[in-house]
Amino acid sequence: MGPFPAIDVLLLELNKRIFTPSGVTVPLRFRPAHHNDRAQVVAENRAGWTPVDRDLIWGEPDGYFWFAGDVTIPEALDGAAVHLRIEAQFGSVMGRSDPQCLVRVNGRIAQGVDGNHRTVLLTDRARAGERFEILFEVGTIEDRRQLGFACELVVHDGLAEKIYYDLRVPGEVARLLPEDDGRRHAIVGHIEAALAVLDLRPGHPERFRQSLIAAERHADAIYALADAASMPRIVATGHTHIDVAWLWRVRETRQKMARSMATALALMEAYPDYRFMYNQCVLLDYLEQDYPELFERIGQKVDSGQFEIEGALWLEPDVNVSSGESLVRHILHGVRYHEKTYGVRPRMMWLPDTFGYSAALPQLMERSGLDTFVTHKLSWNDTNRMPYETFRWQGIDGTKVAAYFLTTQPYTSTSIGTTYCPDLKPTHVMGAWKRYGQKPVNDELFLVYGHGDGGGGPTREMLENVRRMERGIPGCPKVSHEPMRPFFERLLDKMAAEPERFPTWVGELYLEFHRGTLTSVAKNKANNRKAENALREIEALAVMASIAGHPYPRAELWELWQIVMLNQFHDILPGSSIGAVFDDSDADYARFFARADALKSQLAGVLLPANSRFACNVLGRSRGGLVETEHVDGQAIERADGRRTALVRIDAVPALGAVAIEASPPSGTLSVSTEHLANERIEVRFDAVGRMTSILDRITGRQVLMDGALGNRLQAYRDRPAQYDAWDIDRSFEDQVWEIDALDSVRVTETGPLRAAIRFEWRYESSRIVQIVSLEADARQVEVETFIDWHEHNTLLKAAFPIAVNASAVRAEIQFGHVQRATHANTSWDEARYECSMQRWVDVSEPDFGVALLNDCKYGYDAKGTTIRLTLLRSPTYPWPEADQGEHRMRYSLMVHSGDICVVTEAAEDFNMPLLLLEGGSATAAPMAGLLGLDGKGIALEALKLAEDSDDLILRLWETRGVRQTARLTVPVGFGEAAETDLLERRPEALSTVDGVVELAFKPFEIKTIRLGRAP
């Protein structure tokens, strides 16, 4: 058995002497309260509260409770270091604690309390007769009841604590070293010698203290053995990862933030060498609103250097589903917040817990002055181990940034999985070095430590462990307790000095896990896309209105952006939270769309002539299209959900302009029956159960579908992942598949002249699926508008299109560009990529012929060979049993093209952002002829806004095809100087303007931010 059982027994006895009960309990009173009642409860008289005894039953999901009491120091504790010890039925669930408490002592917030932090300092040197008033603010999350709640005074023995950790920490190192390692035996020998002089007999405090002093000499000998000069170095920084929502609501996270920060601040007072990092602006902003006292104290610790602000994003968002412009705003507002609030300029993209990383990120980082990307999540891959942990990451445009993967894991781990919230012990430090795969390249690593998600972050135990490893323990990497940023600056210097030693990873960082997050809780993803599009429209209209003299609605736009960014958090947008989170999200979006619609109407009222209706185009290119209207004679149509409306055709609307609605005649003919749909460019045929049997491209004469295959084939799959229900689609999902072919009805709903359409309705188990398949005159794409009333669980729904082309890869849109992904399984990397992300389209093509699948709210697809399957719905049952139940509305479109991806991008943009119908209200406004000119094939205008710090005009442009090209920008009237800036609207580089035109040269997928100054 070795020496460790005997050592452990004695160390356990010594541990009991660190905090010893005094026998003094704190009488408590209790009351439940609403979470908004804080100010009232803190100020009120507590005499009428319910007395607490051991039989008190309390606690409930999403509950909020208060306990109060006071205690007087007795004579026996005079001069002692006295702490409160809290007794509750703490539960540890998924890395967090329940209940969680915030403790006030004499009216001042002292600390958070949870299952990992149960003691609170009252006084380092008690005075007999001194009185303390205690108030606990307590939240519960789980559906379980608490029995009783109590606290007592305990006496802290600092010397006993020191000797305990002096011995225990090297003992933990020793037991991990091989049995034939001399360092193991040397450490154990000194521990045994220390314990041999330790006198644990009760009743004589001075005798015990002297034995501790004797044991200390033997403990010090361990650290004199240290082989630190030959060991790697591990930089450790305290942190607590807090999910903004997950198994709790955002309002509970606001409390979690207060508790965690209060605990961090309390530990900084007790441990001046403690270094802690935090990063999410939104939670710091909430803290300022809810607990200004804590917020102010954090600012003081930032100034002193103990509290580090790093990580540039507003929060930690999903970066597969969020749009490119949304990601720009997360960086823009994150950097500005930290600069304004703390005078700190963050330089890192900190995304430890997000479910895969878009290849657009390197360019966004470089153009925002961010130099390092950090995560650990790729260690969760279910198939392949990433070959590097310290490397350069190259994005789709060729930009390279430094990337670092955390390697922390227990030393005895046999998996590739790592963590960013360990309860730091020597095993994690030793494990971080063991797991690191590039030892010849780099011998200095980084880790963060601390309980996350309301677990309160680092603990006294972790800080004591760090102190011992800083001293140096034989066989253990030398730990340096530092802020995060200096480590990465040293790493960047090393990568710059020795570039050939650090490899490059090209393209996306695909997470081989959690593939279902691209689809779960479809309504939230639809709301996100709709909200992102609405903001793009409103900002463009606001710019046009500001040029016309209307005040730019900065405050209103910022409120709308905050709603969108909050709901892009990486457990909200991916659909991996409890139902109450999505109730809140629904309410957020309802508020968003009400405000957005009102703002659109207000802006249109000052932009456009009164008593008229206009089709408005907020894109950077002229276009026509169909406009939905109920006020102008047009073609009557029926939507898939049964709504009746009408369409009119507008031939051409200038870029960033508007024209009065006057119906234009169609340019082609249409033919329709319940079995076919055709115009002069394309013909679609259907079988008896509504599936497409033929899609003929009349321009080329080619059949789009594979011989004998069916298109728009709706299929349901058993979807029961082995581990994380809402997160995962397992490879085995295809083991059971059911054809959706119970066609209840089919009828022609439109015969033209603008478009023809057929309505299909199917039954599947307890669900109903309605599709309106339509074809516009002169179009080369078939639209499928879908309404689903879904009542299935653990079922995955896909729509399949087997395409007759010769291709071994698809192209899928990501933010500001697209990627190619193999559709075969030649390698394990290809095989693992069986469910992938996209933005608005996925395409399979030959050089001169291709087929793209466009969508208005979907993000997941799979492709095998040249069969593309669009993932329409999932219905997981954990953590929300009713996820995806009920009504869903979506549109997708199959588009035939001639190989030019620019055409696909523009069609997807039109599909998602059709012409706006606006009603004018101004007595003086003139029709809008177009704000600016943008001449350049494949150059898209992603955003038009006013600058954050002035009334200059900001344009976000990007190259869509992946080729080098030039464009000509005609500057709007009233604007003069032009400059290219970074994404933060800084570092301007002047551009030459000749006769009001700016020549722009684009590299493949390049993003340009153009700033136009107002003319004097």
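This write-up is about the structure you can find in this document.

### Considerations on the sheet that holds strand 26 (residues 623-629)
Each strand in a sheet pairs with its neighbour through backbone hydrogen bonds, running either in the same direction (parallel) or in the opposite one (antiparallel).
Line of reasoning, step 1. Strand order in the open sheet made by the 3 strands is 26-28-27, with antiparallel pairing throughout. Each of the sheet's edge strands pairs with one partner strand only, and the pair in question is strand 26 and strand 27 (635-638). The average angle at which neighbouring strand axes cross in this sheet is 40°, direction not considered.
Line of reasoning, step 2. Pairing geometry for strand 27 and strand 28 (residues 644-653), over 4 bridges, is antiparallel. For Gln 635, the partnering residue across the bridge sits in strand 28 and is Leu 647.

### Some points on the side chain of Glu 172
Line of reasoning, step 1. Residue placement: Glu 172 occurs in helix 3 (residues 158-176).
Line of reasoning, step 2. The class of Glu 172 is buried, set by a relative accessible area of 16%.
Line of reasoning, step 3. Sequence-distant contacts of Glu 172, that is, excluding residues within four places in its chain, are made with Lys 425 and Pro 426.

### Looking at helix 18 (residues 901-912)
Line of reasoning, step 1. Counted at 1.5 Å a residue, the expected span for helix 18 with its 12 residues is 16 Å, and the 17 Å between its end C-alpha atoms agrees.
Line of reasoning, step 2. Of all 12 residues making up helix 18, 9 are buried, and the element is well covered by its neighbours.
Line of reasoning, step 3. Turning to helix 18, its buried residues number three or more, namely Ile 901, Cys 902, Val 904, Thr 905, Ala 907, Ala 908, Glu 909, Phe 911 and Asn 912.
Line of reasoning, step 4. Of the residues flanking the start of helix 18, the one acting as N-cap is Asp 900, its side-chain oxygen 2.9 Å from the backbone nitrogen of Cys 902.

### Brief notes about the nonpolar core
Line of reasoning, step 1. In this structure, Phe 446 and Phe 592 are the most contacted members of the largest nonpolar core, which totals 169 residues.
Line of reasoning, step 2. Leave out the neighbours within four places in its chain, and Phe 592 touches Ala 531, Ala 534, Leu 535, Leu 560, Ile 563 and Val 564.
Line of reasoning, step 3. Counting residues in hydrophobic clusters, the runner-up holds 52 residues, among them Leu 775, Val 810, Tyr 861 and Leu 870.

### A closer look at the environment of Arg 345
Line of reasoning, step 1. Considering the arrangement of structural elements, one finds Arg 345 in the loop between helix 9 (324-342) and strand 18 (348-350).
Line of reasoning, step 2. Separated by 472 residues in sequence, Arg 345 and Gly 817 have C-alpha atoms that sit 28 Å apart.
Line of reasoning, step 3. Ignoring anything within four residues of it in the chain, the contact list for Arg 345 reads Val 335, Glu 339, Ser 368, Gly 369, Leu 370, Leu 984 and Arg 986.
Line of reasoning, step 4. Reaching out from Arg 345, the side chain makes a polar contact with the backbone oxygen of Ser 368 at a distance of 2.8 Å.

### Regarding the packing of aromatic side chains
Line of reasoning, step 1. One pass over the full model with this rule turns up 41 aromatic pairs.
Line of reasoning, step 2. Judged by centre distance (6.0 Å) and plane angle (20°), the ring pair of Phe 30 and Phe 65 falls under stacked. Of this pair, Phe 30 sits in strand 2 (residues 29-32) while Phe 65 sits in strand 5 (residues 63-72), placing them 35 residues apart in sequence. Phe 65 shares its class with Phe 30; the two are buried.
Line of reasoning, step 3. Centre to centre, the rings of Tyr 164 and Tyr 165 are 4.9 Å apart; their planes meet at 80°, and the pair counts as edge-to-face.
Line of reasoning, step 4. Among the aromatic residues, those joined into a ring-pair cluster are Trp 246, Trp 248, Trp 380, Phe 513, Tyr 724, Trp 727 and Tyr 878.
Line of reasoning, step 5. Across from the ring centre of Tyr 411, 4.8 Å away, lies the NZ or CZ of Lys 434, which sits over that ring.

Calculation criteria
- Residues numbered from 1 in each chain as written.
- Predicted model: local features only at pLDDT ≥ 70, side-chain atom pairs only at ≥ 80, totals over all residues.
- Heavy atoms only, no water.
- Pairing = 2+ DSSP bridges.
- Helix = DSSP H or I, 4+ residues; strand = E, 2+ residues; numbered from the N terminus.
- Axes fitted to C-alpha atoms, helices over the stretch in contact; angles between N-to-C directions.
- Buried < 20%, exposed > 50% of the residue type's maximum accessible area, 1.4 Å probe, protein only.
- Contact = heavy atoms within 4.5 Å.
- Expected span 1.5 Å × (residues − 1).
- Polar contact = N/O pair within 3.5 Å; in protein donor to acceptor, adjacent residues only side chain to side chain.
- Core = buried A, V, L, I, M, F, W, Y, C linked by side-chain atoms within 4.5 Å.
- Phe/Tyr/Trp six-rings, centres within 6.5 Å; stacked < 30°, edge-to-face > 60°.
- Lys NZ or Arg CZ within 6 Å of the ring centre and 35° of its normal.

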